[in-house]
Amino acid sequence: KVYGDEVLQQSKLTELEKVRVHSCNISLVGGIMNKPREALDMSISVLRKLGCKFPRNKLLQARLALSSLAATKLPTEKDIADLPIMDDETRKACMEIMVNAATYSHHCNNVFAFIMITARMVRWTMQYGVDVYSAPAFAIFGIVKNSSSYKIGAQYADRGFQL
């Protein structure tokens, strides 16, 4: 922790260069200390520093979650097959933080954060390409869609397997 804080205080490093330390701190708080709400807040803060902004306010989270749920469309199998590999290092780091943030949001029962984070991961996969966390994003988002329709939820899970 002491060495990590020393790294985070170095102004000559970019936020992307600090992301490994942030991830370790988030894992420490969320996993070992069993404080998922704090880990989720830390994740959202780090994502903001990387340019991936999510609202902190619960009402705004609800609004974004509901609009994301409606706007995120199921891609075809051909769309999935044609996706390039995600090559932007910042977006890849954000995907890793988001998949963990989704876990913490589920653990602390923040449904709106869960939806807005997983929807962003699915949309980013379709916009910027496939990342190692794309498959879990589709599977997790399939769980969300499953609440409205089992068939649609299963299709998202299938797209995750395809990735």
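Everything here concerns the structure above.
Residues numbered from 1 in each chain as written. Predicted model: local features only at pLDDT ≥ 70, side-chain atom pairs only at ≥ 80, totals over all residues. Heavy atoms only, no water.

A closer look at the overall build of the chain
For step 1, the next point in the chain: Check the secondary structure of the chain and you find nine helices and zero strands.
For step 2, the next point in the chain: Buried positions account for 43% of the 163 residues belonging to the chain.
For step 3, the next point in the chain: Partitioning the intrachain contacts of the chain with sequence separation of at least 6 by distance along the chain shows that 66% fall at a separation of at least 24.
For step 4, the next point in the chain: Computing the positive centroid from 21 side-chain charges and the negative centroid from 15, the chain places the two 8 Å apart. (Helix = DSSP H or I, 4+ residues; strand = E, 2+ residues; numbered from the N terminus. Buried < 20%, exposed > 50% of the residue type's maximum accessible area, 1.4 Å probe, protein only. Contact = heavy atoms within 4.5 Å. Lys, Arg positive; Asp, Glu negative; His and termini not counted. Charge placed at Lys NZ, Arg CZ, Asp CG, Glu CD.)

Here's the deal with the environment of I117
For step 1, the next point in the chain: Structurally, I117 can be placed in helix α7 (residues 111-128).
For step 2, the next point in the chain: Separated by 47 residues in the primary sequence, I117 and A70 have C-alpha atoms spaced 14 Å apart.
For step 3, the next point in the chain: Those residues in contact with I117, other than ones at most four positions away along the chain, are L40, F54, M98, A101 and A102.

A closer look at the pattern of salt bridges
For step 1, the next point in the chain: Under the defined criterion, the tally for this structure stands at five salt bridges.
For step 2, the next point in the chain: Between K92 and E89 there is a salt bridge, and its shortest N-O distance comes to 3.5 Å. A residue pair is termed a helical-turn pair when its members lie 3 or 4 positions apart in one helix, as K92 and E89 do in helix α6 (residues 89-107) at three residues.
For step 3, the next point in the chain: Judged by its relative accessible area of 46%, E89 falls in the partly exposed class. (Salt bridge = Lys/Arg side-chain N within 4 Å of Asp/Glu carboxyl O.)

Overview of helix α3 (residues 36-49)
For step 1, the next point in the chain: For α3, built from 14 residues, the straight-helix expectation of 20 Å at 1.5 Å per residue is met to within 8% by its first-to-last C-alpha distance of 20 Å.
For step 2, the next point in the chain: Regarding α3, the residues found buried are P36, A39, L40, S43, I44, V46 and L47. For α3, the buried positions fall inside an angular range of 165° around the axis, keeping them on one side.
For step 3, the next point in the chain: Looking at the buried positions of α3, the neighbouring elements they touch are α2 (15-32), α4 (58-71), α6 and α7.
For step 4, the next point in the chain: One or two residues past the end of α3 sits G51, with phi positive at roughly 90°. (Expected span 1.5 Å × (residues − 1). Arc of directions from axis to C-beta.)

With respect to the environment of R20
For step 1, the next point in the chain: Here R20 lies in helix α2.
For step 2, the next point in the chain: A relative accessible area of 48% places R20 in the partly exposed class.
For step 3, the next point in the chain: Sequence separation between R20 and M95 is 75 residues; the distance between their C-alpha atoms is 13 Å.
For step 4, the next point in the chain: Within the structure, the side chain of R20 is placed 2.9 Å from the side chain of E96, a separation counted as a polar contact. (Polar contact = N/O pair within 3.5 Å; in protein donor to acceptor, adjacent residues only side chain to side chain.)

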